[in-house]
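Close look at the chain arrangement
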Amino acid sequence: MMAVYGPLKLVLDVIFFIMIVHIIMSWLINFNVLNLRQPIVGQIWTGLNRLLEPIYQPIRRILPDTHPLDLAPLVVFIIVISLRDYILPTLLFG
């Protein structure tokens, strides 16, 4: 079971870390601490959006439209934490 658990946990940990960086960066951009016109900030932001958008898009189709507030990252964040910390260990180690 460790052969299955290890890689799955690693993938969920990487997604968790990328989401944390994306969330913090979005706050810094919204509070004008970071500027998207800076080349490195713009490239990192674009890369993070390209990585996370395929994960967020199916959730956005299900959730109601709350235009100024995007709840998809919060829902995905809760799903990743639940899978990583509760569901995956329970399924594999019973």
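This one's a predicted model, so the numbers in the text were calculated from it and none came from an experiment.

1. Brief notes about the overall build of the protein chain
Of regular secondary structure, the protein chain possesses 3 helices and 0 strands. Ordered by position from N to C terminus, the α and β elements of the protein chain give α-α-α. For 94 residues, the compact-globule formula gives about 12 Å, and the C-alpha radius of gyration of the protein chain, at 16 Å, lies well above that figure. Viewed in the frame of its principal axes, the protein chain has a C-alpha envelope of about 50 × 30 × 20 Å. Buried residues in the protein chain amount to 24% of all 94 residues. Relative to all contacts within the protein chain whose residues are 6 or more apart in sequence, the contacts with residues 24 or more apart total 57%. On the protein chain, roughly 6800 Å² of surface is accessible, and the fraction owed to carbon and sulfur atoms is 72%. The protein chain carries 6 positive and 5 negative side-chain charges, and their two centres are separated by 6 Å.

2. Things to note about a nonpolar patch on the surface
A cluster of nonpolar side chains, Ile24, Trp27, Leu28, Phe31 and Val33, forms an exposed patch at the surface whose accessible area comes to about 550 Å². Looking at where Ile24 falls in the secondary structure, it is placed in helix α1 (residues 2-30).

3. Focus on helix α2 (residues 39-62)
If you check α2, its first and last C-alpha atoms are 34 Å apart, about what 24 residues at 1.5 Å a residue would give, namely 34 Å. Roughly 50° is the biggest bend found in α2, and it falls at Glu53, with proline Pro54 one to four residues downstream. When we look at burial in α2, the residues that qualify are Val41, Gly42, Trp45, Leu48, Leu52, Tyr56 and Ile59.

What counts as what
- Residues numbered from 1 in each chain as written.
- Predicted model: local features only at pLDDT ≥ 70, side-chain atom pairs only at ≥ 80, totals over all residues.
- Heavy atoms only, no water.
- Helix = DSSP H or I, 4+ residues; strand = E, 2+ residues; numbered from the N terminus.
- Rg over C-alpha atoms; globule rule 2.2 N^0.38 Å.
- Buried < 20%, exposed > 50% of the residue type's maximum accessible area, 1.4 Å probe, protein only.
- Contact = heavy atoms within 4.5 Å.
- Areas by Shrake-Rupley, 256 points an atom, 1.4 Å probe, with all protein chains shown as cover.
- Lys, Arg positive; Asp, Glu negative; His and termini not counted.
- Charge placed at Lys NZ, Arg CZ, Asp CG, Glu CD.
- Patch = residues over 30% accessible without salt bridge, like charges linked within 9 Å, V, L, I, M, F, W, Y side chains within 5 Å.
- Salt bridge = Lys/Arg side-chain N within 4 Å of Asp/Glu carboxyl O.
- Expected span 1.5 Å × (residues − 1).
- Bend = angle between axes of the 7 residues up to and from the residue.

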